[in-house]
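What follows is the residue order along each chain.
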Amino acid sequence: MTHVSHAPTPKPADSGKSLYGGTSSRRITVRDIAAAKQRGEKWPMLTAYDAMTASVFDDAGIPVMLVGDSMGNCHLGYETTVPVTMDEITMLSAAVVRGTKRALIVGDLPFGSYQEGAVQALRNATRLVKDAGVGAVKLEGGERSADQIELLVRSGIPVMAHIGLTPQSVNAFGGYPVQGRGEEAAQQLLRDAKAVQDAGAFAVVLEVVPAELAAEVTRSLHIPTVGIGAGPECDAQVLVWTDMAGMTGGRVPRFVKQYAQLRQVLGDAAKAFAEDVVGGGYPAEEHSFH
């Protein structure tokens, strides 16, 4: 007689605990994200573009990190996200994966890497999973991207969708206006949200959307919504880390709350170092070898 083992079904990481700040021996997965939605738990997401910063956020308990094409603006010196390439996303995603142990790492598909259709999207998403080690990918667009999402999910690649203000479409939008204002625009946003859910996305980012509409979308979906300029009723919130930490120079979007002023701190440190060097205070005896 063959012995049949009835091993218990593995539980999600930190079962019964919050995503934020929990501890586990494995990475957070999309199953854990779904469970958080069922519990009604809110959770934070931050962008990350390098191993050192990502390790800080991982130690802080941030459960999901996005290697966003926002790297174009705040890391690579581009004026928009449009120029970001697959090579750049892949290299920096791999760095973030190496710098973390627990967080779910989501890699962005940059402009031009999925617009041709589902096969192109699968080829580039597969590269991010295989070469960079991400646990999921993100792409912009609602109904227009449903075929891409469906093929990726069917092929075993979790997808986070992104609707509302989609920065890769900056040239079509003519800037970064609030999305979903007016009945027709609101209905289109709702259709987009349902379309990405039906296609199999495990979550959807809502960017720069009226708070009331974002709340309606959140209530209507069984997958979590991730807000950025979309009010307090979304299931999760994401910020670009350089905005959140006060590294960004000049004006920041209205929806940004700055939790530190790292640009000032880093600038002060650089000046103090320079003054020490010029004045002969560094290196001192304790920094020297004999």
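Coordinates for the structure precede this section.
Residues numbered from 1 in each chain as written. Predicted model: local features only at pLDDT ≥ 70, side-chain atom pairs only at ≥ 80, totals over all residues. Heavy atoms only, no water.

Draft legend 1. Fine view of the packing of aromatic side chains. Enumeration over the complete set of coordinates arrives at two aromatic pairs. Relative to W241, the ring of F57 lies with its centre 6.0 Å away and its plane at 70 degrees, an arrangement referred to as edge-to-face. Residue F57 is found in helix α2 (residues 51-59), and its partner W241 is found in helix α10 (residues 241-244); the two are separated by 184 residues along the sequence. Residue classification places F57 among the buried positions, given a relative accessible area of 9%. (Phe/Tyr/Trp six-rings, centres within 6.5 Å; stacked < 30°, edge-to-face > 60°. Helix = DSSP H or I, 4+ residues; strand = E, 2+ residues; numbered from the N terminus. Buried < 20%, exposed > 50% of the residue type's maximum accessible area, 1.4 Å probe, protein only.)

Draft legend 2. Up close: helix α1 (residues 30-39). Along α1, the positions that sit buried rather than exposed are D32, I33, A35, A36 and K37. Remark: G40 follows α1 within two positions and exhibits a positive phi of approximately 75 degrees.

Draft legend 3. Representation of the environment of Q197 in the model. Turning to its location among the elements, Q197 is positioned in helix α8 (residues 183-199). Q197 sits 37 residues away from M160 along the chain, and the two C-alpha atoms are 9.7 Å apart. Ignoring sequence-local partners within four residues, the contact set of Q197 consists of L221, H222 and I223. Reaching out from Q197, the side chain makes a polar contact with the backbone nitrogen of H222 at a distance of 2.7 Å. (Contact = heavy atoms within 4.5 Å. Polar contact = N/O pair within 3.5 Å; in protein donor to acceptor, adjacent residues only side chain to side chain.)

Draft legend 4. Representation of the pairing of strand β6 (residues 203-207) in the model. In terms of burial, β6 is largely enclosed, as five of its five residues are buried. Bridging between strand β5 (residues 159-164) and β6 involves five bridges; their strand directions are parallel. When the bridges of β6 are listed, I163 appears paired with L206. In this structure, β6 lies alongside strand β7 (residues 225-228), joined through four bridges in parallel fashion. Considered in β7, the bridge of V205 is made with V226. (Pairing = 2+ DSSP bridges.)

Keep in mind that these numbers describe shape and distance, not what the molecule does.
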